[in-house]
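Here's the letter readout for the chains.
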Amino acid sequence: MQIHLTDRQQQVLWATVRHYIATAEPVGSKALVDEFNLSVSPATIRNAMGVLEKAGLLYQPHTSAGRVPSDSGYRIYVDQLITPSEPLARQVEQLLQDRLQQKNWSLEALLQGAAQILATISGYITLITMPQTRTNQLRHLQLVQIETGRVMLIVVTEHYETQSVLMQLPQTEDSAQLDEEILDRELQILSNFLNSQLRGRSLSEIASLDWTQVDREFQQYAEFLKNLLTEVIDRFQPSAGGTQILIRGVSEVLRQPEFSELQQVQTLIHLLEEEQEQLWPLIFESPASKQLGKRVTVRIGAENTLEPIRTCTLISATYRQGEMPVGSVGVLGPTRMVYENAIAVVEAAADYLSEALS
């Protein structure tokens, strides 16, 4: 649901989030008047906070307390009210260059050093995946009719690995009238289109296929093909089983008040140390599941599917070797995070690692 805020409401939301991030204490109207030059009375601020609470962007942890940002409030704050800190991004990139430019360093030592620097600068847990040394480029794709209304996509990679995906054809007014011979011809044309667009590309590039190029008469298959290819990406998606995630900064972030409960700390540590394979799809996700046009992915609170981090924010970005995404760098901390700094740190580190690998 789209939430439209007035300039005043945006200003009050921004100030509330900033104050709460700094203090970890519920925010009242008087605190905002004292700290921020909002040029309005406490009553006006209270009214705006009441509107934001009704919209689900703020909430009161106790009846007599001030307000606290909700996950939805943080989402609007991140998407609409801030920009990443460019000075910090430059500082991070310079620091990485100064400290890590040693020709005799191994790749793992480089990534270990980068992870420690990011954890120190951000104050959050840093996660960096070791790069995928092998890429799966597509060699051939073929759509085959198996039975009435059911089609199989067969995919062969450059390493001659194969995967097949079976799906139901979309039902249209014309589909009942298509005989097998006509459908076979259409599937061959679609197969030719997929091969012309995707042969030689990596699986991670599948999401960039331009569906507007499908001939108008085959537009009925566009969503069907998207779903097929998304399934293929998932089948070939690398797992954490053979890929290490470098982790730094755990002790620092656990000093935050959000981690005062022993049980919560134990489940988080267990996830980071023993169940990295669950964390892997969140930090190194395929482009098909990323927000279009967003270099950095920000998962806030309940947007994280894993229970141990549903009160946390995970910010991540892929780093590349040439044009190929090969790994990911991220930070994990409480939702009460300095987002403009954390996003800048992740983006700068991904840029630096991409340049180093190139």
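Note: the structure precedes this text.
This one's a predicted model, so the numbers in the text were calculated from it and none came from an experiment.

Visitor: Could you give me a rundown of the overall build of the protein chain, with the residues and numbers involved?
Guide: When helices and strands are tallied, the protein chain shows twelve helices and ten strands. When each of the 358 residues of the protein chain is scored for burial, the buried share is 46%. Counting contacts in the protein chain only where the partners sit at least 6 residues apart, residues at least 24 apart contribute 61% of the total. For the protein chain, the exposed surface amounts to about 18200 Å²; the carbon and sulfur share of it is 47%.

Visitor: Tell me what's going on with the nonpolar core, and back it up with residues and numbers.
Guide: In terms of nonpolar packing, the biggest core is built from 80 residues, with Leu-13, Leu-32, Leu-127, Ile-309, Ile-315, Leu-332 and Tyr-339 touching the most fellow members. When residues in this core are grouped by element, the largest group, ten residues, is from helix H12 (residues 339–357). Apart from residues lying up to four places away in sequence, Leu-13 is in contact with Leu-5, Leu-52, Leu-57, Leu-58, Gly-73, Ile-76 and Leu-81. One finds Leu-153, Val-165, Leu-198 and Val-232 within the second-largest nonpolar core, a separate group that totals 20 residues.

Visitor: I'd like a description of the packing of helix H5 (residues 86–100) against helix H6 (residues 107–122), backed by residues and values.
Guide: Between two packed helices, both the angle of their axes relative to each other and the distance between the axes serve to describe the pair. The N-to-C vectors of H5 and H6 enclose an angle of 140 degrees; their axes lie 10 Å apart at closest approach. Classified by the angle between their axes, H5 and H6 sit oblique to one another. Here H5 runs over H6; the crossing is right-handed. Seen from H5, the contacting residues are Leu-88, Val-92, Leu-95, Leu-96, Arg-99 and Leu-100; seen from H6, they are Leu-110, Gly-113, Ala-114, Ile-117, Leu-118 and Ile-121. Class assignment for the residues of the contact of H5 with H6 results in ten nonpolar, one polar and one charged.

Visitor: With reference to specific residues and values, describe the sheet that holds strand E8 (residues 297–300).
Guide: Taken together, five strands build an open sheet; the order of strands is E7-E3-E10-E9-E8 and the sheet is antiparallel. In the strand order of this sheet, the two ends are held by strand E7 (245–248) and E8, each with one partner. Recorded for the sheet is a direction-independent mean angle of 15 degrees between the axes of neighbouring strands. In this sheet, strand E10 (residues 324–334) lies alongside strand E9 (residues 312–321) in antiparallel orientation, the contact comprising ten bridges. Paired with Ser-316 across the two strands is Gly-330, which belongs to E10. Packing against the sheet, helix H10 (residues 262–274) makes contact with strand E3 (125–129), E7 and E10, and its axis sits at approximately 20 degrees to E3. Along the sheet, H12 contacts E3, E8, E9 and E10; its crossing angle with E9, the most-contacted strand, is approximately 20 degrees.

Visitor: Give a detailed account of the packing of aromatic side chains, specifying residues and quantitative values.
Guide: Each aromatic ring pair is summarised here by two numbers: the centre-to-centre distance and the angle between the ring planes. This structure, assessed with the given rule, holds three aromatic pairs. Between Tyr-74 and Tyr-339 the ring centres are 5.7 Å apart and the planes differ by 45 degrees, which places this aromatic pair in the tilted class. In this pair, Tyr-74 is assigned in helix H4 (residues 71–81) and Tyr-339 in helix H12, connecting sequence segments 265 residues apart. Judged on exposure class, the residue Tyr-74 and its partner Tyr-339 are both buried. For the pair Tyr-77 and Tyr-339, a centre-to-centre distance of 6.4 Å together with 65 degrees between the ring planes defines the contact as edge-to-face. With Tyr-77 in helix H4 and Tyr-339 in helix H12, this pair connects stretches of sequence that are 262 residues apart. The exposure class of Tyr-77 is buried, given its relative accessible area of 0%. Ring pairing ties together the aromatic residues Tyr-74, Tyr-77 and Tyr-339, which thus form one cluster.

Visitor: Tell me about the side chain of Asn-304, and please be specific about residues and values.
Guide: Tracing the sequence through the fold places Asn-304 in the loop between E8 and E9. Taking the relative accessible area as the measure of exposure, Asn-304 reaches 0% and is therefore buried. Those residues in contact with Asn-304, other than ones at most four positions away along the chain, are Leu-282, Arg-299, Ile-309, Arg-310, Cys-312, Thr-313 and Leu-314.

Visitor: Just give me the short version of the environment of Leu-118, but keep the residues and values in it.
Guide: Considering the arrangement of structural elements, one finds Leu-118 in helix H6. Each C-alpha atom of the pair Leu-118 and Gly-330 lies 9.2 Å from the other, and the pair is 212 residues apart in sequence. Excluding its chain neighbours within four sequence positions, the residues that come into contact with Leu-118 are Val-92, Gly-123, Thr-126, Val-329, Val-345 and Ala-349.

Visitor: Lay out helix H3 (residues 42–54) with the relevant residues and their values.
Guide: Since there are 3.6 residues in each turn of an α-helix, residues three or four apart along the chain are aligned in direction. Look at H3: 18 Å from first C-alpha to last across 13 residues, which is about the 18 Å you get at 1.5 Å a residue. Looking at H3, one finds that the buried residues are Ile-45, Ala-48, Met-49, Gly-50 and Leu-52. Buried positions along H3 lie against helix H1 (7–23), helix H2 (29–35) and strand E1 (58–59). Note on H3: the residue one or two positions beyond its end, Gly-56, has a positive phi of about 85 degrees.

Procedures and definitions
- Residues numbered from 1 in each chain as written.
- Predicted model: local features only at pLDDT ≥ 70, side-chain atom pairs only at ≥ 80, totals over all residues.
- Heavy atoms only, no water.
- Helix = DSSP H or I, 4+ residues; strand = E, 2+ residues; numbered from the N terminus.
- Buried < 20%, exposed > 50% of the residue type's maximum accessible area, 1.4 Å probe, protein only.
- Contact = heavy atoms within 4.5 Å.
- Areas by Shrake-Rupley, 256 points an atom, 1.4 Å probe, with all protein chains shown as cover.
- Core = buried A, V, L, I, M, F, W, Y, C linked by side-chain atoms within 4.5 Å.
- Axes fitted to C-alpha atoms, helices over the stretch in contact; angles between N-to-C directions.
- Parallel < 35°, antiparallel > 145°, perpendicular 65-115°, else oblique.
- Left-handed = near helix turned anticlockwise from the far one by under 90°.
- Nonpolar A, V, L, I, M, F, W, Y, C, P; charged D, E, K, R; others polar.
- Pairing = 2+ DSSP bridges.
- Phe/Tyr/Trp six-rings, centres within 6.5 Å; stacked < 30°, edge-to-face > 60°.
- Expected span 1.5 Å × (residues − 1).

Geometry only, nothing functional implied.
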